[in-house]
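Here's the letter readout for the chains.
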Amino acid sequence: MKFTLQAKDTQSKARAGIVTTAHGTIETPIFMPVGTAGTVKAVHQHELVDDIKAQIILGNTYHLYLRPGLDVLQRAGGLHQFNGWEGPILTDSGGYQVYSLTEVRKIKEEGVTFRSHIDGSKHLFTPENVMDTQRVIGADIVMAFDECTPYPCDYQYAKRSLDMTHRWLKRCCERFDGTAPLYGYEQTLFPIVQGSVYRDLREKSAEAIAAFERDGNAIGGLSVGEPAEEMYAMTEVVCNILPADKPRYLMGVGTPVNILENIALGIDMFDCVMPTRNARNGMLFTRNGIINIKNKKWEADFSAIDTESDLLADRMYSKAYLRHLIRSQEILGAQIASLHNLHFYLWLVKEARAHIMAGDFLPWKNKMVRQLGEKL
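An ideal rise of 1.5 Å per residue puts 33 Å on 23 residues; helix 7 (residues 155-177) measures up with 33 Å between its terminal C-alpha atoms. Looking at helix 7, one finds that the buried residues are A158, S161, L162, M164, T165, H166, W168, L169, C172, C173 and F176.

Here it is as structure tokens:
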């Protein structure tokens, strides 16, 4: 993997670049649609390419490990062959999913034992076997196995967890570097900065992660319920330490406003389930603010979903029709709303990139932030 910086904003720390992988290039800043179980919910692969203009998608190690399972994935030739997505893929390590299984998991130095949410069967994730699992899945970018601490989190617990995450990272790197990719193309490993909302722990972690000198770096544990101001403060601390010549990925973030504010702090890559999850519940993100399509005010609004959008579905269907579909729990409603939100997220980061390249990102960002949070 290669990262090329193309432009830096003079009034903020925003930057534009290109990540080159075995399955294609990614223009940053970028938003990555989340395909938890090998699919971005309610969206076809051709829609991801042609309508949403996605450049990279995510897979989830925990979910893919449980179902369809590693045997099926390996026999298929990896996730690219299994799901038909020809572009780059990133897989998270399963650390966040294991963290969320509070009642059915136990964390030890060896790794994490947990019970499947599907059938209750018992499993063990270690730094080593998570690397092996991601080799089988075949993602272009794989994540180190870490512990994602909750919010709020006791300082001493956060410190112990951080130290273990760093020890686990060493084991991840040794296993990853000691094994070969399975499908004839290169994979790359990103470490993850942790440390909750404690400045000294974030600094310590960022320095430790940077010292591993991997091809890119991630920041985890900042989408677990902390106030946005804490997220921004910790992101700024970490971005000041992580090397500028490598991509920075803020995991699990977030709202359109979160994305723009973090781009201004130096983040290059984002992912979040919000655009698709909220879409299925009738929340639409637009450049003018947020629409709750279930509200009665849209019941007889026969104007297009988004007149400023170039997405066919946005121009073809009315707000009233989409409201009817969502309220009726018709599958097409989830499909249209998911297409809309993902298209908007990808439009937003493309616009941010264009303004970074043009040199006027900060005033544009400040104007957009005021608009994006409005309730329409």
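A sheet is described by the order of its strands in space; here three strands give the open sequence 7-8-9, paired in antiparallel fashion. Across the chains shown, the open sheet's two edge strands, defined by having one partner strand only, are strand 7 (105-107) and strand 9 (122-125). Averaged over all neighbouring strand pairs, the angle between strand axes comes to 15°, with direction disregarded. Inspection of the sheet shows strand 8 (residues 112-115) paired to strand 9 by four bridges, in the antiparallel sense. Along strand 9, the bridge assignment pairs R115 with K122.

So, about the pattern of salt bridges. Here the structure, examined in full by the defined rule, presents 13 salt bridges. Of the charged contacts, one joins E174 and K170 as a salt bridge, the two residues approaching to 2.6 Å between their closest N and O atoms. Of this pair, E174 and K170 both sit in helix 7, four residues apart, which is roughly one turn of that helix. The exposure class of E174 is partly exposed, given its relative accessible area of 47%. K170 sits in the partly exposed class, given a relative accessible area of 47%.

Structurally, the α-helix is built with 3.6 residues per turn, so residues lying three or four positions apart point the same way. The end-to-end C-alpha separation of helix 8 (residues 199-211) is 18 Å, in line with the 18 Å expected for 13 residues at 1.5 Å each. Those residues of helix 8 not exposed but buried are L201, R202, S205, A206 and I209. An end-on view of helix 8 places all buried positions within 130° of arc, on one side of the element. Within helix 8, the exposed residues directed more than 90 degrees away from the buried face are R199 and A211. One or two positions beyond helix 8, positive phi appears at E213, with a value near 55°.

Reading guide: rules and limits
- Each residue is numbered by its place in its chain's sequence as written, counting from 1.
- In view of the model being predicted, local features appear only for residues whose pLDDT reaches at least 70, and side-chain atom pairs are presented and counted only at 80 or more, with totals across whole chains, interfaces and linings using the full set of residues.
- Water and hydrogen atoms play no part in the side-chain values, which are based on all heavy atoms of the structure.
- Numbering of helices and strands runs from the N terminus; a helix is a DSSP stretch of H or I covering at least four residues, while a strand is a stretch of E covering at least two.
- Each helix should span, by expectation, one fewer than its residue count multiplied by 1.5 Å.
- For the exposure calls, accessible area comes from a 1.4 Å probe over protein chains only, and a residue counts as buried if that area is under 20% of its type's maximum, exposed if over 50%, partly exposed in between.
- Only strands joined by at least two bridges in the DSSP assignment are considered to pair.
- All axes are obtained by fitting lines to C-alpha atoms, using only the stretch in contact for helices, and the reported angles, taken between N-to-C directions, cover 0 to 180 degrees.
- What makes a salt bridge here is a side-chain nitrogen of Lys or Arg within 4 Å of a carboxyl oxygen of Asp or Glu, nothing more.
- Arc definition: directions from the helix axis to the C-beta atoms.

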